[in-house]
Each structure stands twice: as C-alpha cells, then as structure tokens.
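Topology and contacts: notes
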Amino acid sequence: FPYVLPYTNITYNDIENFYTNILVNKKRDTPIIQTSFANNITFENIPYIFQQGMWHPLGITSIQRTAILVPLQNREYNAKTFLFNMHAFARRQQLTYTIILIEQASPLGHRFNKGRLYNTAINYLEKQSLNITCLVLHDADLIPEDDGNFYTCETKYPKHTTSRVRELNNKRGYIRYYEFLIGGVLLLTFDMYKTLNGFSNLYWGWGGEDDDLALRLIQQRMCIVRPIYELAIYTGLPHPRGPRNNARFGLLTWSTLRFHTDGYAQIESLTRIIDIHQTLTVTYLKLDVNPDK
Ligand code: NGS
C-alpha cells in the first residue's frame, strides 16, 4: 500500500468494476449496489452498499457522513490511482462517504484556481440532500499511508492531516512541512467552512491559497488539530507542477481585509458548473471558473 496503478492501462470503468457489482434486494424496489468480494483482496471484508448517493458499510451506522473533495486539472493519471486507493482506505475505516472530483474544465488551459473549485463544489454539496457532516479537502496526488489517520471531522476545529509526505520513487524519505501549512488534506465541517468564508477566489496558479485560508483561520481565532506525527503520513504521487502564482505574496499581505468580500459567500456570482456526471465510484463536477470575474 498504496497501490500504484499503471495509469495508461486502466480506465475509470475498471475501477468501478473492481469496487462494485449490482445485487437486487427483493424486499426493496430499487437495486442495491454492493461491493464485490474478490478473494485475492483483504481490505474489503465489510460489505458496502451504495444508497442515496453514498457508500455505507452494511449494518453499521457511521457517525459522520463524509464527502472527499478533490480538485483537478489535467491530472487523470493521479485521479485514477487516488480513486483506487481512497475507496479501499475509506472502507477500511468504515466511513459513510462519497468522492467528488472537481475539474477545472473551462476556460481550457487557464491557470488553476483551487479556491473557486472548492467553493463551488461545497456550495453545490450544501444544496444536495446527502446530509454531509464532514468535508475532506484533498489533493489528488496524496495517498494516506496509515489507516489510523481517521478521516473524521473534529467538533470544534479543522483537522490537517498532511504532516509528512514521502514522494514515490524518491529516496529522500518523508518531508516535514511548516507548522502554518494547512494545504494537502484538510477536514472540516460546513459550519467551519462558512466561518472562514471558505477560500479566497483570487488565487490563480500554484501556491498561496492554502496559506490564505490559514490566515482566515487565525483571524477567526480558530486553531488546527493534527493526528499524531506517526499517523499523518502520505505518499506523494508524481506530477508536474503548474505555473506559480506570482501575485500570491501580494494577495497574502492584504488577505484579512478581504475576508467578507472574497470567498464562499461570493462564489455563486463567479463560477458555473458545466457538467455533473455521477458514477458509482465518483461524482465529477466540471466547472467554468470564469477568470473574467
Ligand atoms: C508553500 C506555498 C503553499 C504550498 C506549500 C507546499 O510555499 O501554497 O508551499 O507546497 N505557499 C506559498 O507559495 C505562499 S508543496 O511542496 O506541497 O507543493 O501548499
């Protein structure tokens, strides 16, 4: 673990077939989709069913209802490996969960705006009837290595779980980040997200949007919770880094002044969901991030 896929050979359908087969429950009108039990895998010993848009462990009531949100731009090869691993991880933890890929599809080739992707997807989720109680903001290139790193939200403060990352095929071992970092993987409730007014919508390109969120946290006198050091470990999948955002330090300087006017509360007037595609293993949202606004 993690399972690294030869991404050129595998399709999203392969992943779906691996994780599901359809059983018809005669007592109900609707078919129930249950995990298949391949005998050569050990991590799925609890049957899972897909109902009302979420995966549930059969006969177990999870305390939280979890949405794992993954922003993407041209990263299909990471996304497939991520999905394959994350379903297994979520099931070993007996989560009730759904995975949402948020793709910046338009305008093509434009700089990545992770803040807008998260704000839009969370706004979309809030309007669904899935009763999500825990949001997991997750980079596509990070695979959790320890099952004791629970993907459950804390009651009072956001939880940051990416303390150490070990790049795949890199002998340097785990890299420890700075204390202030909350990027990578962050777990929080809708209420916490709204208290922070979500992400800034102004960061285009790599870097800074997560530090901006950390400043919002400080401004709201919130702190960060982390799992113990031994558990907060990840494998980093290889990927090219997009263009840096040269404006990021300037934006960070005045971040706190923009708190009320730039964030989650403003997102509806900015972006547009251009496609929603739901399969059993993932919901894809395709977004027009609308750089003109
Ligand atoms: C900081 C960036 C963060 C980024 C972090 C880790 O320098 O946005 O590195 O990046 N902040 C600024 O640029 C102001 S990583 O090594 O994971 O690519 O998240």
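You'll find the protein chain entered in an unreviewed UniProt entry as Beta-1,4-galactosyltransferase, with Rotaria sordida given as the organism. What the UniProt record of the protein chain gives under Sequence similarities (unreviewed entry) is the line "Belongs to the glycosyltransferase 7 family."

**Structural notes on the overall build of the protein chain**
What the protein chain contains, in helices and strands, is six helices and 15 strands. Within the protein chain, the fraction of its 293 residues that count as buried is 39%. Considering only residue pairs separated by 6 or more positions, the protein chain has 77% of its internal contacts joining residues 24 or more positions apart.

**Looking at the site of the ligand**
Within the structure, the ligand sits among Leu 181, Gly 183, Gly 207, Gly 208, Asp 210, Asp 211 and Arg 248. Here the residues of the shell around the ligand are counted per class, giving one nonpolar, three polar and three charged.

**Comments concerning the environment of Pro 107**
Its place among the elements puts Pro 107 in the loop between β6 (96-106) and α3 (114-126). The exposed category is assigned to Pro 107, around which 11 C-beta atoms lie within 10 Å. Each C-alpha atom, one on Pro 107 and one on Val 289, is 7.2 Å from the other, the two residues being 182 residues apart in sequence.

**Examining the environment of Asp 141**
Along the polypeptide, Asp 141 turns up in the loop between β7 (134-138) and β8 (142-144). Considering only alpha carbons, one finds Asp 141 and Arg 75, 66 residues apart in sequence, at a separation of 8.8 Å. Look past the residues within four positions of Asp 141 in its chain and what remains in contact with it is Asn 78, Gly 236, Leu 237 and His 239.

**Looking at the UniProt feature "domain: Galactosyltransferase C-terminal" (unreviewed entry) in the protein chain**
In the numbering used here, UniProt assigns the feature "domain: Galactosyltransferase C-terminal" (unreviewed entry) to residues 172-239. Across residues 172-239, helical content stands at 25% and strand content at 16%; the span's end C-alpha atoms are separated by 17 Å.

**Considering the nonpolar core**
Within the largest apolar cluster, 58 residues are counted, with the highest numbers of intra-cluster contacts made by Ile 68, Leu 69, Val 70, Ile 100, Ile 102, Leu 135 and Val 136. Looking at this core element by element, the count peaks at eight residues for helix α2 (residues 76-92). Setting aside anything within four residues of it in sequence, one finds Ile 68 in contact with Met 86, Tyr 97, Ile 99, Ile 100, Val 136 and His 138.

**What about the pairing of strand β13 (residues 233-236)?**
Bridging between β8 and β13 involves three bridges; their strand directions are antiparallel. Residue pairing for β13: Ile 143 is matched across the bridge by Thr 235. With four bridges joining them, strand β10 (residues 164-167) and β13 adopt parallel strand pairing. From the neighbouring strand, Val 165 faces β13, where its bridge partner is Tyr 234.

**Here's the deal with the sheet that holds β13**
Pairing is mixed in the open sheet, where four strands are placed in the order β8-β13-β10-β11. Lying at the two open borders of the sheet, with one neighbouring strand each, are β8 and β11 (174-176). Sheet twist, expressed as the average angle between the axes of neighbouring strands with direction ignored, equals 35°.

**Things to note about the packing of helix α1 (residues 12-19) against α2**
Packed helices, taken two at a time, are described by the angle their axes make and the gap between the axes. Two elements in contact, α1 and α2, have axes separated by 10 Å at closest approach and are oriented at 5°. Of the possible angle classes, the one that applies to α1 and α2 is roughly parallel. Within the contact between the two elements, α1 uses Tyr 12, Ile 15 and Tyr 19 and α2 uses Lys 80, Leu 83, Phe 84 and His 87. Per-class residue counts for the contact of α1 with α2 are five nonpolar, one polar and one charged.

**As for unusual backbone geometry**
Pro 107 follows Ser 106 through a cis peptide bond whose omega is -5°. The backbone of Asn 197 sits at a positive phi, close to 50°, despite the residue not being glycine. Within the element layout of this structure, Asn 197 appears in the loop between α4 (190-195) and α5 (209-219). Its 22 C-beta neighbours within 10 Å are what place Asn 197 among the buried residues. Within the chain, Arg 221 stands out as a residue other than glycine whose phi angle is a positive 55°. Along the polypeptide, Arg 221 turns up in the loop between α5 and β13.

Scoring rules and cut-offs
- Residues numbered from 1 in each chain as written.
- Predicted model: local features only at pLDDT ≥ 70, side-chain atom pairs only at ≥ 80, totals over all residues.
- UniProt positions renumbered as here; feature names shortened; annotations may be inferred.
- Helix = DSSP H or I, 4+ residues; strand = E, 2+ residues; numbered from the N terminus.
- Buried ≥ 20, exposed ≤ 12 C-beta atoms within 10 Å, placed from the backbone.
- Contact = placed C-beta atoms within 7 Å.
- Near = placed C-beta within 6 Å.
- Nonpolar A, V, L, I, M, F, W, Y, C, P; charged D, E, K, R; others polar.
- Core = buried A, V, L, I, M, F, W, Y, C linked by C-beta atoms within 7 Å.
- Pairing = 2+ DSSP bridges.
- Axes fitted to C-alpha atoms, helices over the stretch in contact; angles between N-to-C directions.
- Parallel < 35°, antiparallel > 145°, perpendicular 65-115°, else oblique.

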